[in-house]
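# Structural description and commentary
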Amino acid sequence: MIAQILADKCNNCAQCVSVCPTFVLDDGPQVPVIARLDACQTCYMCELYCDRQAIYVAPDQFAPEPGADPLPHLGVIWRDHGWDRPGEAGHLDEYRKLGPLLGEGAEIAARRYQAQRRGV
Amino acid sequence: MSIHLETDVLIIGGGMAAGWAAIAAAQAGARVVVADKGYMGTSGVTAMGGPNHWWVAPDPARREEAIARQSGKAQGLGDPEWMARILDLTWRYLPSLAPHYPFGSDGAGGTYYSGVRGSEYMRALRLAALNAGVTVLDHHPAIELLRDDEGRIAGARGHALRARLDWEIRSHATILATGGNAFRSGLIGSHTNTGDGQLMAAEAGVALSGMEFGPSWSISPAWASTRTLPYTGAVYYDADGRELDIPPSRAAGHAHNRALGHAMLAGPVLADLSHAPKALRPILRQIQPFTPAPFERRGIDLFRDRFPVKLFGEGTIRGTGGLDLTDAECRTSAPGLFAIGDAATRELVAGANSGGGAVNSAWALSSGRIAGTAAARESLARKGASAPVHGLGRIAIAPHHAERTIDVTAIHRAVDHEIHGYAHVFTRDEASYAASGERLEAIWSELSAHGRARGPALVSLRETAALVAGARWTIAAARGRKESRGLHQRADYPEATGPTQRQRVSGLDTICIHSQQAEFA
Ligand SMILES: Cc1cc2nc3c(=O)[nH]c(=O)nc-3n(C[C@H](O)[C@H](O)[C@H](O)COP(=O)(O)OP(=O)(O)OC[C@H]3O[C@@H](n4cnc5c(N)ncnc54)[C@H](O)[C@@H]3O)c2cc1C
Ligand code: SF4
Ligand code: SF4
């Protein structure tokens, strides 16, 4: 669930208020207000769309975790999406490997399971 | 004060199906309004997923072979003509998103089209729709449909969450693109997918089909639903470190989920992903940039450390059920009303099995294109005509008896139990369906008699009603199909029995089942 909006980074552009799919945030005087935390689906979209890397979403989708240190994680999702380099081609060049990797994992599981059955 | 608008085509929902429909309708010359509960671009399961589209080059032999294979999976309930249609439209239209979506390389000097990353895909569809002149209304959940005096669906009413105003949009044609019903399982990206469109259409007399084909499940860390790419090679342990006997997911399907579900009843189940393909580790964060976060933020190395897992229900999203369609242009039985994507039945293309993995997104794109084009044509032919309208919503709007507070949390817990309770959902029989049906009917009666709300509270209470209605149709349809077929597995009827029947479920206060022999069997 969304845990923190860092006031020293946020410029109150309200982009996160707009893009949150479950309308968790309200406009606020200095920074947006986390108004409906129980509706947060822990989708990280507010983080992805924040140009200032001012938001930290904590990983538990069922309970708030207010205590965590957000600093090491700020902007990671944004950079991993390549949204820090919008002009650069090739963000999605590895995407074609998704299907084959799913299949490879399934084969690994099937081989292992069969070998074990034979062992019993 | 409230918001009043008029348009040719109103699209309710703002996921991928809505995006393709909006672009098609605008290209056909219609004025188009999209009203989404959340934000078109981030809400719905498309945005958080990475839909791989059914993708076969237009070579007659290859297409025929793909359709034959898919018909086999559909187990007598798929329509080859629909399959051919969605293969054709997907192939022709997906690449048209290139100005807005940075398609990657296919590794052989060409472009890879079929699989797209959800966040960029939905951002691209939003941009393409805006460029085509579509009006997008975010945080505008629809609450009920409107019908005019001629008996046509003539738009919808809803509430604008951010402006805190009710809205009414009059339209000549209306498309439901509200997605599937995830029954609030916590499935990634599905919080707004509560089956509202199915409820609204049922109030207009529309039936559903394929509702018995579900649920399917996705495995994830117990604290957060993620995509499932790293889990196909997983090994599972109990809390004492003993390896569990879990047949692999691809081959075993139902038996895999049943074994996991039963193990979870006994205690925590831990996953070990150290056997995942080596090539996945360095590129997981490029392919699925949301997947590592729930681990890294807990200091867990997902490919080394064991961690507790949970099964998240996928409801009708990777099930098959949805609004029944009456023609090849995605019309429902209510004049003026179309249904597309996961809001509609996928039985026509997925049959008795899940269309997740390729067919569902090809369906969402194609049904969107088809309905958008048809709705534009129909609405432009009717321009000017505007009869008085009335709202069709009753549940939570006009209760039969005095208003009373409804314990929404208890209802959500009850729906969760009936649809996801590991103790009964993997070994269903007549008695278990009957018991679930009775408990859900009691909840529905209470809601129907006393539920009433306004403004944002009405949006929530209608979601609750849609969850209960969806659960009741699911249970009634599953109880009605006295056999096992595809995703529908019963302990008391473990085999498929011919001839292949297509089944529709309808009604709200009273639920009816109609069966008829499938034409494509
Ligand atoms: C994890 C995951 C992975 C998947 N992977 C694949 C895959 O690889 N291949 C494949 O073919 N399929 C896949 N699927 C299925 C595929 O994603 C869906 O079939 C497709 O995204 C459906 O699009 P949609 O537009 O119908 O629904 P959604 O994208 O869910 O959109 C529905 C929209 O309706 C809105 N809405 C709901 N109620 C209202 C209301 N009352 N008023 C206004 N708006 C409302 C919601 O906010 C949402 O924006 C996957 C699904 C999941 C969950
Ligand atoms: S998007 Fe970022 S900068 Fe803008 S208001 Fe939200 S937190 Fe602040
Ligand atoms: S994590 Fe998702 S649901 Fe939660 S506040 Fe951010 S955008 Fe909204």
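All chains use their own residue numbering, which begins from 1 and follows the written sequence. The lettering of chains begins at A and the numbering of ligands begins at 1, in the order of writing. In view of the model being predicted, local features appear only for residues whose pLDDT reaches at least 70, and side-chain atom pairs are presented and counted only at 80 or more, with totals across whole chains, interfaces and linings using the full set of residues. The side-chain values count all of the structure's non-hydrogen atoms but skip hydrogen atoms and water molecules.

The next point concerns the interface of chain B and chain A. Facing the 66 residues of chain B at the interface are 52 residues of chain A. Here the quantity called buried area is the total loss of accessible area, with a 1.4 Å probe, experienced by two parts when brought into contact, counted for both. Across the chain B/chain A interface, buried area totals approximately 5100 Å², and carbon plus sulfur atoms make up 60% of it. When a carboxyl oxygen of Asp or Glu is within 4 Å of a side-chain nitrogen of Lys or Arg, the pair counts as a salt bridge. Applying the counting criterion to the chain B and chain A interface returns 8 salt bridges. Between B:Arg297 and A:Glu47 there is a salt bridge, with the nearest N and O atoms lying 2.6 Å from each other. Here a polar contact means two N or O atoms within 3.5 Å. Within protein one must be a hydrogen donor candidate and the other an acceptor candidate, and residues neighboring in sequence count only if both atoms are side-chain atoms. Linking chain B to chain A there are 27 residue pairs in polar contact (both at pLDDT 80 or more). The contact criterion used is simple: two residues touch if any of their non-hydrogen atoms lie within 4.5 Å.

This paragraph deals with the site of ligand 1. All names here are of chain B. Residues are counted as near a molecule or strand when any one of their heavy atoms sits within 4 Å of it. Lining the immediate environment of ligand 1, one finds 38 residues, of which Asp36, Thr46, Asn193, Asp342 and Ser361 sit closest. At 2.9 Å from an oxygen atom of ligand 1 is found a main-chain nitrogen or oxygen belonging to alanine 17. Residue aspartate 342 places a side-chain N or O atom 2.7 Å away from an oxygen atom belonging to ligand 1. Considered on its own, ligand 1 offers 1000 Å² of accessible surface; in the complex 97% of this is hidden by protein. When residues of the shell around ligand 1 are traced back to their parent elements, those giving at least two are helix H1 (16-27), helix H2 (45-48), helix H6 (196-203) and helix H12 (359-381). Counting from the N terminus, the helices are DSSP H or I runs at least four residues long and the strands are E runs at least two residues long. In terms of residue count, the dominant contributor to the shell around ligand 1 is H12 (3 residues). The residue makeup of the shell around ligand 1, split by class, is 15 nonpolar, 18 polar and 5 charged. Each accessible area is a Shrake-Rupley estimate made with a 1.4 Å probe; only the visible protein chains count as cover when residues are assessed. All amino acids are sorted into three groups, where Ala, Val, Leu, Ile, Met, Phe, Trp, Tyr, Cys and Pro are nonpolar, Asp, Glu, Lys and Arg are charged, and the leftover types, Gly among them, are polar.

Listed under "domain: FAD-dependent oxidoreductase 2 FAD-binding" (unreviewed entry) in the UniProt record, and renumbered for this structure, are residues 8-59 and 117-358 of chain B. Span residues 8-59 of chain B is 31% helix and 17% strand, its end C-alpha atoms 38 Å apart. UniProt positions are given in the numbering used here, feature names are shortened, and annotations may be inferred rather than shown by experiment.

A separate point is the site of ligand 3. Not every one of the 13 residues close to ligand 3 is listed here, only the nearest: A:Cys20, A:Cys40, A:Gln41, A:Cys43 and A:Cys46. Taken together, the residues of the shell around ligand 3 sort by class into 10 nonpolar, 3 polar and no charged.

So, about unusual backbone geometry. Residues and elements named next belong to chain B. That bond from glycine 214 to proline 215 is cis: its omega, -5 degrees, falls within 30 degrees of zero. Its place among the elements puts proline 215 in the loop between strand E9 (208-209) and strand E10 (217-221). The phi torsion at arginine 164 lies on the positive side, around 55 degrees, for a residue other than glycine. As for its position among the elements, arginine 164 is in the loop between strand E7 (153-160) and strand E8 (165-176). If you check the backbone angles, alanine 396 has positive phi at about 70 degrees while not being a glycine. When accessible area is computed with a 1.4 Å probe and restricted to protein chains, residues below 20% of their type maximum are described as buried, those above 50% as exposed, and intermediate ones as partly exposed. A residue is classified by how much of its surface remains accessible, and alanine 396, at 1% relative accessible area, is buried.

Residue and element names in this part refer to chain B. Each domain span listed reflects an automatic or database assignment of domains. As far as domains go, chain B holds domain 1 (2-212 + 316-391), domain 2 (216-313) and domain 3 (408-517). Each of domain 1 and domain 3 has a C-alpha centre, and the two are 24 Å apart. Taken together, the contact pairs 37 residues of domain 1 with 34 residues of domain 3. At the boundary of domain 1 with domain 3, total buried surface from both sides reaches about 2900 Å², with 64% on carbon and sulfur atoms. Together, Phe183, Leu199 and Glu212 form the three largest contributors to the area buried by domain 1 at its contact with domain 3, with a combined 27%. The partner of arginine 504 in a salt bridge is aspartate 324, with the nearest N and O atoms 3.8 Å apart.

What follows concerns the pairing of strand E11 (residues 235-238) of chain B. Residue and element names in this part refer to chain B. Burial along E11 is two-sided: the face carrying Val235 and Tyr237 and the face carrying Tyr236 and Asp238 are both buried. Pairing between E11 and strand E12 (residues 269-272): 4 bridges, direction antiparallel. Residue pairing in the sheet places aspartate 238 in a bridge with valine 269 of E12. When DSSP finds at least two bridges between two strands, those strands are taken to pair.

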